[in-house]
Amino acid sequence: MAKTAVIIPAAGSSTRMGGGIKKQYLMAEDLPVLIRAVRAFCHVEGLCAIAVAAPAADLAQVRELLDRYGHEDVLLAAGGDTRQQSVMRALALVPEDADYVLVHDAARPFVSRAVIDGVLGALKEGAYSVVPGVTPKNTVRTAAK
């Protein structure tokens, strides 16, 4: 069985959202966005690691969040100044014998199982790399209870 690792960059500052709380910590329904992103990959067959790259100043907060929601086994790296640096720092934590490494932005917590399985299927069929495409939604809404 192929071993798959997942890297979830979550080190962004959310400046395009106008400041305030960072989007990876916002609640999406009943869970923080970051936790939803992590859980999207827990079904992966042969999962050998999930590594999150978070802002260096937030590492203790993110560790507590992961632990509180039952993800004590998630690896945690200090993110860099760029997404590329953050991914590389998380990649350094991934087991060297991982056959596949998936990278998925924490701010996209509703990735479907079909998309994930489609990417893995293409890799297993011999693709060197895979970038999934999905039909975009035209509406962005903010709702308050």
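Just so it is clear, the model here is predicted, and its values are computed rather than measured. (Residues numbered from 1 in each chain as written. Predicted model: local features only at pLDDT ≥ 70, side-chain atom pairs only at ≥ 80, totals over all residues. Heavy atoms only, no water.)

## What about the overall build of the chain?
- When you go through the chain residue by residue, the secondary structure sums to 4 helices and 6 strands.
- Moving toward the C terminus, one meets the helices and strands of the chain in the order β-β-β-α-β-α-β-α-β-α.
- Taking 145 residues into account, the globule formula puts the C-alpha radius of gyration at 15 Å, and the chain, at 15 Å, falls close to it.
- Viewed in the frame of its principal axes, the chain has a C-alpha envelope of about 45 × 35 × 30 Å.
- Split into buried and exposed, the 145 residues of the chain put 38% on the buried side.
- Accessible surface, the chain as shown: approximately 9,000 Å² in total, 53% of it carbon and sulfur. (Helix = DSSP H or I, 4+ residues; strand = E, 2+ residues; numbered from the N terminus. Rg over C-alpha atoms; globule rule 2.2 N^0.38 Å. Buried < 20%, exposed > 50% of the residue type's maximum accessible area, 1.4 Å probe, protein only. Areas by Shrake-Rupley, 256 points an atom, 1.4 Å probe, with all protein chains shown as cover.)

## Topic: the nonpolar core
- Among the nonpolar cores identified, the biggest contains 27 residues, and Ile8, Leu34, Val38, Phe41, Val52, Leu102 and Ile116 are the most heavily contacted of them.
- The contacts of Leu34, once residues within four sequence positions are left out, are Ile8, Ala10, Gln24, Val52, Val62, Leu65 and Ala106.
- Counting 10 residues, the second largest nonpolar core, distinct from the first, contains Ala77, Val87, Val94 and Ala98. (Core = buried A, V, L, I, M, F, W, Y, C linked by side-chain atoms within 4.5 Å. Contact = heavy atoms within 4.5 Å.)

## Quick word on the sheet that holds strand β1 (residues 4-9)
- Reading across the sheet, the 4 strands line up as β5-β4-β1-β6 and stay open at both edges, with parallel pairing between neighbours. In this open sheet, the two edge strands, each paired with only one partner strand, are β5 (75-78) and β6 (100-103). Across the sheet, the mean angle from the axis of one strand to that of its neighbour is 20 degrees, orientation sign disregarded.
- Relative to strand β4 (residues 47-54), β1 runs parallel, the two sharing 6 bridges. When the bridges of β4 are listed, Thr4 appears paired with Leu47.
- Sitting on the sheet, helix α3 (residues 83-91) is in contact with β1, β4, β5 and β6, with an inclination near 145 degrees to β1.
- Running over the sheet, helix α4 (residues 113-124) touches β1 and β6 and is turned about 145 degrees from β6. (Pairing = 2+ DSSP bridges. Axes fitted to C-alpha atoms, helices over the stretch in contact; angles between N-to-C directions.)

## Describing a nonpolar patch on the surface
- Taken together, the side chains of Met88, Leu91, Val101 and Val103 present a nonpolar region at the surface, about 320 Å² in accessible area.
- Within the residue set of the nonpolar patch, elements represented by two or more residues are α3 and β6.
- In this fold, Val103 is placed in strand β6. (Patch = residues over 30% accessible without salt bridge, like charges linked within 9 Å, V, L, I, M, F, W, Y side chains within 5 Å. Salt bridge = Lys/Arg side-chain N within 4 Å of Asp/Glu carboxyl O.)

Keep in mind that these numbers describe shape and distance, not what the molecule does.
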